[in-house]
Structures are given as C-alpha cells and as structure tokens.
Amino acid sequence: MPGFAHRLIALCALIVLCGGGKAVLATELLVAINDAPPYRIVAGEGQEPEFSGIYVEVLKEAASRAGHTLRFDVVPFRRALYLMEEGGADIKLGPNRSAEREKFMYFFDAALPDEPKAIYQSALTPDIRQIEGLAGQHVGVLRGASYIDALSSEESIEWVEAADYLTLFRMLNQQHVDAVIVPELLAADLLSDKNLAVRKASLVLQGEPSLIGLSRKSQFFLSREYRGLEKELVNMRDDGTFDDIYRRYAGSGS
C-alpha cells in the first residue's frame, strides 16, 4: 500500500524547536517527477539520481524556507498525473491548470514562468507559420499534456501521443509524424547533441502559466500544512527569486 505508507511517513514529521520553544512541523513531501530539462532534470542513470532544473530549484528553495524536506519519484508524465489523482504523490512540478486537473490537484498561488511551445517539423517540409498550417497533419504531443486545447479549432489535426519528447523527435525524424509540439527551452536542450533532420518552425504557441500542483488527497493538503509552503512560493515570486532561477538556466543553455 504505497499511498498509505507515504502518508504514514508524512505524518511522522520532524519537530524542529524554534526560538521561544515554539514547535514547527516539518513534513517530507513526495514529488512525482519526469526528466524534462531545463525545467526538471534527473541526472545519474544506474545510481542515486540528482535532481535539478528551474522548477526543482524553485521547490527546493521554498521547501527549505518552510522547513520541509523533499523526496522524488521518477515516473513518466502520465503516471505522475495518476499518482496525483490517487494520492500516491504529494506534488507535481509544472502542470498547466485545467478544469479536469483541478478536481484532484490544488494549484499553488504562485505561477512559474510561462513555457512557450515550439513547433518542430521535418527539415525538408515548408515552414509552418500559422496554426492553419497544422491542418490535416499528424502532430506529436506528450501523452497526458493539456496544451492540445490551444489548437482545438483545428479539428482536422491527427494527434499522436508518446511517453517522452525524444521518442516524438525520433518519430519526426523518421517522418512518422509531420510535426511535434514541445516546450521551447526543453527542445533546445534535448536536441543540442542530436543529429536529427528536424527544424523549428516559425509558429510558436503562447505559453500558459505552469504551476506547482498539490494532490487533494495528500495529507499535506488535507491538514492545511501547505499554507506555509505557499506563502514562501509567493514571497519568492515577489522578491525575484523565480526570475533569478529562470535566468540562470535559460542563459546557460542547460
């Protein structure tokens, strides 16, 4: 019973004594994460992974300020959504808000930097400059991603889902799909050392706010302990910490 075991760990909180003998509850939070540089970076295959990236650094800093610890579970994007829905994880980093997701996730009131979505196409095909250029095309998207709604007006698009973006780029390289929609910075990082016959189209979709989601079945949510962490996230957004972290990664080409 992984969900029960995790909630038990969360309830066995560490008591940290502050000035004046005031007790503060410190909780271990389980974060469901997939590798999506530079937003979420999982490094170290075959050994103890290291976790970094824009969203990870934001959460680490907020958790540190609020006195909580983090534990990470590396799972595919779609699996992470399932864990959040069932209460098998506390937090997911970077999901867009949707009515369906709000049924099982609480979204912290501190939006992360927007993620513009780039369109990639075969190097041999005409440049896609407008959404209409995707009409009748087979378009690759990450399984479980919500930005398909931005193109709902083009009913003739044939959506092709895959578990990760590298698979989608390989499908595009082999002309199994006509285009791929991918977060702009992630694509630049992913393709930096790949020799694939793909290119970025002129069309870029406006990014929607990325957020930090908290499972509504998490004990951290049910007990309202999350309010201290949310306060620190808002402070970080307002004091420029979010922007500093974003610029560090975006400027380094990580």
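Look up a bit, the structure's there.
## Quick notes on the overall build of the protein chain
Helix and strand counts for the protein chain stand at 9 helices and 14 strands. Going through the 254 residues of the protein chain one by one, you find that 47% of them count as buried. Nonlocal contacts in the protein chain, meaning residues at least 24 apart in sequence, comprise 67% of its contacts between residues at least 6 apart.

## Some remarks on the packing of aromatic side chains
With the rule as written, the count across this model stands at 8 aromatic pairs. When the ring of Y39 is compared with that of Y55, the centres are 5.2 Å apart and the planes differ by 35°; the resulting orientation is tilted. One end of the pair, Y39, is in the loop between β3 (28-33) and β4 (41-43); the other, Y55, is in helix α2 (residues 54-66), with 16 residues separating them in the sequence. Taken as a pair, Y39 and Y55 share a single burial class, namely buried. Ring geometry for Y106 versus Y226: centroids 4.8 Å apart, planes at 50°, classification tilted. Taken together, the residues span a long stretch of sequence, with Y106 in strand β8 (residues 105-107) and Y226 in helix α8 (residues 226-238) at a distance of 120 residues.

## A word on the sheet that holds strand β10 (residues 138-142)
As summarised here, the arrangement of the 5 strands in space is β11-β10-β12-β9-β13, forming an open sheet in which the pairing is mixed. Each having just a single partner strand, β11 (158-162) and β13 (198-205) make up the two edges of the open sheet. In this sheet, neighbouring strand axes are inclined to one another by 30° on average, regardless of whether the strands run parallel or antiparallel. Across 2 bridges, the pairing between β10 and strand β12 (residues 179-183) is parallel. If you follow G140 over to β12, its bridge partner there is V180.

## Overview of the nonpolar core
In summary, soluble globular proteins display a tendency toward joint burial of nonpolar side chains. If you look at the biggest cluster of nonpolar residues, it comprises 65 residues, and the most contacted ones within it are I91, Y120, F169, L229 and L233. Leave out the neighbours within four places in its chain, and F169 touches Y120, V182, A187, L190, L191, L196 and V198. The next biggest cluster of nonpolar side chains, apart from the first, holds 12 residues, and it includes I119, I128, I157 and A201.

## A short note on the sheet that holds strand β14 (residues 210-215)
If you trace the 5 strands from one edge of the open sheet to the other, you get β6-β3-β7-β14-β8, paired in mixed fashion. Only two strands of the sheet have a single partner each, and these edge strands are β6 (69-74) and β8. On average, each strand axis in the sheet is inclined to that of its neighbour by 40°, with strand direction left out of account. Bridging between β3 and strand β7 (residues 91-96) involves 2 bridges; their strand directions are parallel. For V31, the partnering residue across the bridge sits in β7 and is I91. Along the sheet, helix α3 (residues 77-86) contacts β3, β6, β7, β8 and β14; its crossing angle with β7, the most-contacted strand, is approximately 115°.

What counts, and where the lines are drawn
- Residues numbered from 1 in each chain as written.
- Predicted model: local features only at pLDDT ≥ 70, side-chain atom pairs only at ≥ 80, totals over all residues.
- Heavy atoms only, no water.
- Helix = DSSP H or I, 4+ residues; strand = E, 2+ residues; numbered from the N terminus.
- Buried < 20%, exposed > 50% of the residue type's maximum accessible area, 1.4 Å probe, protein only.
- Contact = heavy atoms within 4.5 Å.
- Phe/Tyr/Trp six-rings, centres within 6.5 Å; stacked < 30°, edge-to-face > 60°.
- Pairing = 2+ DSSP bridges.
- Axes fitted to C-alpha atoms, helices over the stretch in contact; angles between N-to-C directions.
- Core = buried A, V, L, I, M, F, W, Y, C linked by side-chain atoms within 4.5 Å.

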